[in-house]
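This is what each chain is made of:
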Amino acid sequence: EAQVTQNPRYLITVTGKKLTVTCSQNMNHEYMSWYRQDPGLGLRQIYYSMNVEVTDKGDVPEGYKVSRKEKRNFPLILESPSPNQTSLYFCASSLFGADTQYFGPGTRLTVL
Amino acid sequence: SQQGEEDPQALSIQEGENATMNCSYKTSINNLQWYRQNSGRGLVHLILIRSNEREKHSGRLRVTLDTSKKSSSLLITASRAADTASYFCATDAPGGGADGLTFGKGTHLIIQP
């Protein structure tokens, strides 16, 4: 089954404790991206990757890192999480940037 | 970056009625897409309409695009309780879409049984 998986689905952590949210897709998509969704603000892009080893900032990249060492994986790293990063995070993939995007189930992160 | 804006922000109708949501955007596009999100879950693609198309159908969904007004509408006919969700429009960036899609803030649709 074609899908985007994210782990963990729920995470509660404390300020400053490094964490990684994994994302994996099995559709051989070139393009992957991370979004955060907050009430009243909609979906905002954090980082995206057009291909392996190619990543770029989206609209709200501060406080986040990504890597794309393999085509299928695109982890999101929070080196020192802060409470303002409490949000619902989505990973998505597509053949190319403007094509139909396939979303993961989401990761609800709470930073205390 | 450009952004689609949905209108209304929220809509509540009776089951069986038609639901219409609108999306306006600011600059020229290559395509516009509509997505659905059930509460707290990932977005699901519904339909894509290209800039040279004026109308597209998929089951009970009808999407129109007016590039002169920079607007699109999504019509859901004969609504069902399962249509309760948030609906988002997304536009690509001019010049090829390397940056991907930009999403609006969504219309929250509630279908009353």
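The structure reproduced in this document is the subject of the present report. (Residues numbered from 1 in each chain as written. Chains lettered and ligands numbered in written order. Predicted model: local features only at pLDDT ≥ 70, side-chain atom pairs only at ≥ 80, totals over all residues. Heavy atoms only, no water.)

## Some details on the interface of chain A and chain B
If you look at the interface, chain A gives 22 residues, while chain B gives 21 residues. Across the interface of chain A and chain B, roughly 1500 Å² is buried in total on both sides, 51% from carbon and sulfur atoms. Contact with chain B buries surface across chain A, with A:Leu43, A:Ala98 and A:Phe103 losing the most and accounting together for 30% of the total. Remark: the boundary between chain A and chain B carries zero salt bridges. Summed over the shared surface of chain A and chain B, the number is five residue pairs in polar contact (both at pLDDT 80 or more). (Contact = heavy atoms within 4.5 Å. Buried area = accessible area lost by both parts, 1.4 Å probe. Salt bridge = Lys/Arg side-chain N within 4 Å of Asp/Glu carboxyl O. Polar contact = N/O pair within 3.5 Å; in protein donor to acceptor, adjacent residues only side chain to side chain.)

## Description of the sheet that holds strand β1 (residues 4-7) of chain A
Residues and elements named next belong to chain A. Judged by pairing direction, the sheet is antiparallel, and its four strands sit side by side in the order β1-β3-β8-β7 without closing on themselves. In this open sheet, the two strands that pair with only one neighbour each are β1 and β7 (65-66). By the bridge criterion, two bridges tie β7 to strand β8 (residues 76-78) in an arrangement that is antiparallel. Note that in β8 the partner of Val66 across the bridge is Leu76. (Pairing = 2+ DSSP bridges. Helix = DSSP H or I, 4+ residues; strand = E, 2+ residues; numbered from the N terminus.)

## Observations concerning the pairing of strand β9 (residues 87-94) of chain A
Where a strand is regular, its side chains alternate between the two sheet faces. Residue and element names in this part refer to chain A. For β9, the tally of buried residues reaches eight of eight residues, placing the bulk of the element in the interior. Pairing analysis gives seven bridges linking strand β4 (residues 31-38) to β9, with the strands arranged antiparallel. The residue bridging Tyr31 from the neighbouring strand is Ser94, located in β9. Inspection of the sheet shows β9 paired to strand β11 (residues 107-111) by three bridges, in the antiparallel sense. Bridge assignment links Ser87 to a residue of β11, and that residue is Leu109. (Buried < 20%, exposed > 50% of the residue type's maximum accessible area, 1.4 Å probe, protein only.)

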